[in-house]
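As a plain string of letters, each chain reads:
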Amino acid sequence: MSFTGNENHDITLQEASAMTANYRNASPGAVLGHYFGNSAISAILAQTGCVGIRMYYAITNEGVKQLVLVGVDSNGNDLYNGLLADRSYNCPPDCGNSNPLNT
């Protein structure tokens, strides 16, 4: 598959709210989301040939759910020799205000 970086990923708040509610209902007490700062995401996207980011599900040695972020080129290949990101801030506890995506 060929990627351009301009693929449409839009969904409505209603769709997103229903999907996150389905997850919360199926996984009580689980990590709901992950926060990554602008600098980490921008640095990955700024790599030569990077058109997007792939997120891998991961679990730390302590058993905490995490994500590993890696840049992706136009051929859909991971830029695994480049910058990687981890150590997101998990929700909970860092969820921000209650909203349709987290409550």
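A quick note: this is a predicted structure, and the numbers were derived from the prediction, not measured.

> Account for the pairing of strand 2 (residues 52-59), with residues named and values stated.
Alignment of strand 2 against strand 3 (residues 65-72), held across eight bridges, turns out to be antiparallel. Paired with Ile59 across the strands is Lys65, a residue of strand 3.

> Any details on the state of the cysteines? Residues and values, ideally.
Counting across every chain of the model gives one disulfide. The side chain of Cys91 participates in a disulfide bridge whose partner is Cys95; the two sulfur atoms lie 1.9 Å from each other. When the S-S torsion is 105 degrees, as for the bridge of Cys91 with Cys95, the disulfide is right-handed.

> Give a detailed account of the side chain of Asp73, specifying residues and quantitative values.
If you trace the backbone, Asp73 turns up in the loop between strand 3 and strand 4 (84-85). Among the polar contacts made by the side chain of Asp73, one reaches the main-chain amide nitrogen of Asn75 at a distance of 2.9 Å. The contact partners of Asp73, leaving out residues within four places of it in the chain, are Phe3, Gly49, Val51 and Leu79.

Parameters at a glance
Residues numbered from 1 in each chain as written. Predicted model: local features only at pLDDT ≥ 70, side-chain atom pairs only at ≥ 80, totals over all residues. Heavy atoms only, no water. Pairing = 2+ DSSP bridges. Helix = DSSP H or I, 4+ residues; strand = E, 2+ residues; numbered from the N terminus. Disulfide = S-S within 2.5 Å. Polar contact = N/O pair within 3.5 Å; in protein donor to acceptor, adjacent residues only side chain to side chain. Contact = heavy atoms within 4.5 Å.

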